[in-house]
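Examining the three-dimensional arrangement
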2 protein chains.
Amino acid sequence: MNTRREVKTAAALVIGNELLSGKIADANTVVLARTLRRCGTRLERVVMVLDEVPAIVKELKALSEAHDVVFTSGGVGPTHDDLTIDAVAQAFDVDVVISAQIEELLREYYQERFTDGHQRMARIPEGARLVVTEHMPWPTIVMRNVWVLPGVPEIFAMKMPVVMNELSGTPVISVAVYTTLDEGRLKPHLDAIVAEHADIEVGSYPKFRHPQYRTKVTFDGPDEVAVIAARDAFVVSLPEDAIVPNVVD
Amino acid sequence: MNTRREVKTAAALVIGNELLSGKIADANTVVLARTLRRCGTRLERVVMVLDEVPAIVKELKALSEAHDVVFTSGGVGPTHDDLTIDAVAQAFDVDVVISAQIEELLREYYQERFTDGHQRMARIPEGARLVVTEHMPWPTIVMRNVWVLPGVPEIFAMKMPVVMNELSGTPVISVAVYTTLDEGRLKPHLDAIVAEHADIEVGSYPKFRHPQYRTKVTFDGPDEVAVIAARDAFVVSLPEDAIVPNVVD
């Protein structure tokens, strides 16, 4: 598909034992995915690993080679299970150094309460870029094509405008149709649309016991006119009473 | 660590464009993680990929070789974006065949509404096992060490008792302590516990603007006595007023 050739690709590495043990649910992937969608960047792969340096290093190397941009989430505090900075440094074969700029901010913030533990939060991979915006003066660490983001969801979300500020591209337009038919019935209709609208990504999502509909069908692409044309062609191919308007999803 | 050697390892492959575009948040990983924790199975890795056969096949091969058991989520309906059965078959170099057992169930369910689209839902990789329990008579497809689970969260969750029925192991015990201290202050205390209680996994999770606490510290392991001992050693190492009882997390 032509439209994909110019699109930047991305991957995410989500780090933390607490996610893989089910203590908490990952809240950051969906936030990043929505941000990248708005930037016209294609998130192709998300990998979730434990707090273990070898696993993180291996993934980082593979992801940063295979994708234009990579985002890590988690493991950036000062404690024993915060290993991301070390892993990023190791993946790019550089040392970990103290950023004077971040240390100064930390000293200002903590004042007389500043400890060695706090100082660890100023550690960065040597050569990393510190990205600052008007609205987010606390630096975001970017090593080559790897953005090192915090795992705490509230802070992760705060970083999204910084990401959007740097990435740019044509956002993907998405429209949805809700139908009363199941996927087995819809299949020939979907196949026809997929065959005739190769530039549109068509998704089909059955819902379990929704009071209003059985299957949601989505049409995505960077070209709004083409997206709408595919949607309309699908709608006219169905029996009129199979379409559900005004669905609360 | 001795305790880990006997523990089964697991990985998950979560499949679907809708997750990587941020249209919906993955709800299945945390459900699977909690189930595996109760079975004493260590979930080491989760990979999320797009609806693309080559990507799914590549991951399946790698995950099924590196882990004792693998769970896929998504891509098992009858439509053009449901590619998991084909990918599992390809990963294990077998054909896709129609399961007479599943087709019969589908025909019974759909009766005169049964279509070719519905029949596609009876496709399985040749040689797959169909796991049935008293409470879940609809077969769950297991190919070698790969469990093929549906993406729809309500149905995914229904499959968890089937998974628990087959896996067994010592569940991991977890206890938590909530403190008013930030991670910078806690670091030396945490380091001491980690050094002295090598068989316990210690996690430290800062909370952003919680009214009651700043950092949650967790102690995990299969041996309850050892878990409690580590927790108690940590608690007595802190100032008394740093512990917050009765936290609503």
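Relevant structure appears above.
It should be emphasised that the depicted structure is a prediction, and the values quoted were computed from it without experimental measurement. (Residues numbered from 1 in each chain as written. Chains lettered and ligands numbered in written order. Predicted model: local features only at pLDDT ≥ 70, side-chain atom pairs only at ≥ 80, totals over all residues. Heavy atoms only, no water.)

A short note on the side chain of His210(A)
All names here are of chain A. Along the chain, His210 falls in the loop between strand 10 (201-206) and strand 11 (215-221). By relative accessible area, His210 is classed as buried at 17%. Only 2.9 Å separates the side chain of His210 from the backbone nitrogen of Gln212, close enough to count as a polar contact. Those residues within four positions of His210 in sequence are excluded, and the remaining contacts are Val247, Val248 and Asp249. (Helix = DSSP H or I, 4+ residues; strand = E, 2+ residues; numbered from the N terminus. Buried < 20%, exposed > 50% of the residue type's maximum accessible area, 1.4 Å probe, protein only. Polar contact = N/O pair within 3.5 Å; in protein donor to acceptor, adjacent residues only side chain to side chain. Contact = heavy atoms within 4.5 Å.)

With respect to the pairing of strand 8 (residues 146-149) of chain A
All names here are of chain A. Burial of the side chains of strand 8 extends over both faces: Val146 and Val148 are buried on one face and Trp147 and Leu149 on the other. Looking at chain direction, strand 3 (residues 69-73) and strand 8 are connected through four bridges and run parallel. When the sheet's bridge partners are listed, Val70 is paired in strand 8 with Val146. In this sheet, strand 8 lies alongside strand 7 (residues 140-143) in antiparallel orientation, the contact comprising three bridges. Bridging across to strand 8, Ile141 finds its partner in Val148. Between the antiparallel neighbours strand 7 and strand 8 lie two residues, among them Arg144 with a positive phi of about 50 degrees. (Pairing = 2+ DSSP bridges.)

Quick look at the packing of aromatic side chains
Residue and element names in this part refer to chain A. Evaluated as defined, the whole model comprises eight aromatic pairs over all chains. Arranged with centres 6.0 Å apart and planes meeting at 35 degrees, the rings of Phe71 and Trp147 form a pair that is tilted. Of the two residues, Phe71 sits in strand 3 while Trp147 sits in strand 8, which places them 76 residues apart along the sequence. For Trp147, a relative accessible area of 3% gives the class buried. (Phe/Tyr/Trp six-rings, centres within 6.5 Å; stacked < 30°, edge-to-face > 60°.)

Section: the pattern of salt bridges
Residues and elements named next belong to chain B. For the coordinates displayed, the defined rule picks out 20 salt bridges over all chains. Arg37 serves as the salt-bridge partner of Asp220, at 3.3 Å between the closest nitrogen and oxygen. Within this pair, whereas Asp220 is found in strand 11 (residues 215-221), its partner Arg37 is found in helix 3 (residues 28-38), the two being separated by 183 residues in sequence. For the salt bridge of Asp191 with Lys187, the shortest nitrogen-to-oxygen distance reads 2.9 Å. Placement of both Asp191 and Lys187 in helix 10 (residues 183-196) is noted, with a separation of four residues, approximately one turn of the helix. (Salt bridge = Lys/Arg side-chain N within 4 Å of Asp/Glu carboxyl O.)

Observations regarding the relation of the copies chain B and chain A
The two copies are related by a screw operation: chain B maps onto chain A through 180 degrees of rotation and 0.0 Å of translation along the axis, at an RMSD of 0.0 Å. Here the transformation between the copies is reduced to the relation of a two-fold axis. Within chain B, Val47(B) has its C-alpha nearest the rotation axis, a separation of 2.2 Å. (Least-squares fit on C-alpha atoms with pLDDT ≥ 70 in both.)

Focus on the sheet that holds strand 8 of chain A
With respect to topology, twelve strands assemble into an open sheet ordered 6(A)-7(A)-8(A)-3(A)-1(A)-2(A)-2(B)-1(B)-3(B)-8(B)-7(B)-6(B), the strand pairing being mixed. Strands at the two margins of the open sheet, each flanked by one partner only, are strand 6 (129-131) of chain A together with strand 6 (129-131) of chain B. Here the average twist between neighbouring strands, direction ignored, is 20 degrees. In the sheet, strand 1 (residues 9-15) of chain B pairs with strand 2 (residues 42-49) of chain B via seven bridges, with the strands oriented parallel. By the bridge assignment for strand 2 of chain B, Val14(B) is matched with Met48(B). Of the strands in this sheet, strand 2 (42-49) of chain A together with strand 1, strand 2, strand 3 (69-73) and strand 8 (146-149) of chain B are in contact with helix 4 (residues 53-66) of chain B, which crosses strand 1 of chain B at around 170 degrees. (Axes fitted to C-alpha atoms, helices over the stretch in contact; angles between N-to-C directions.)

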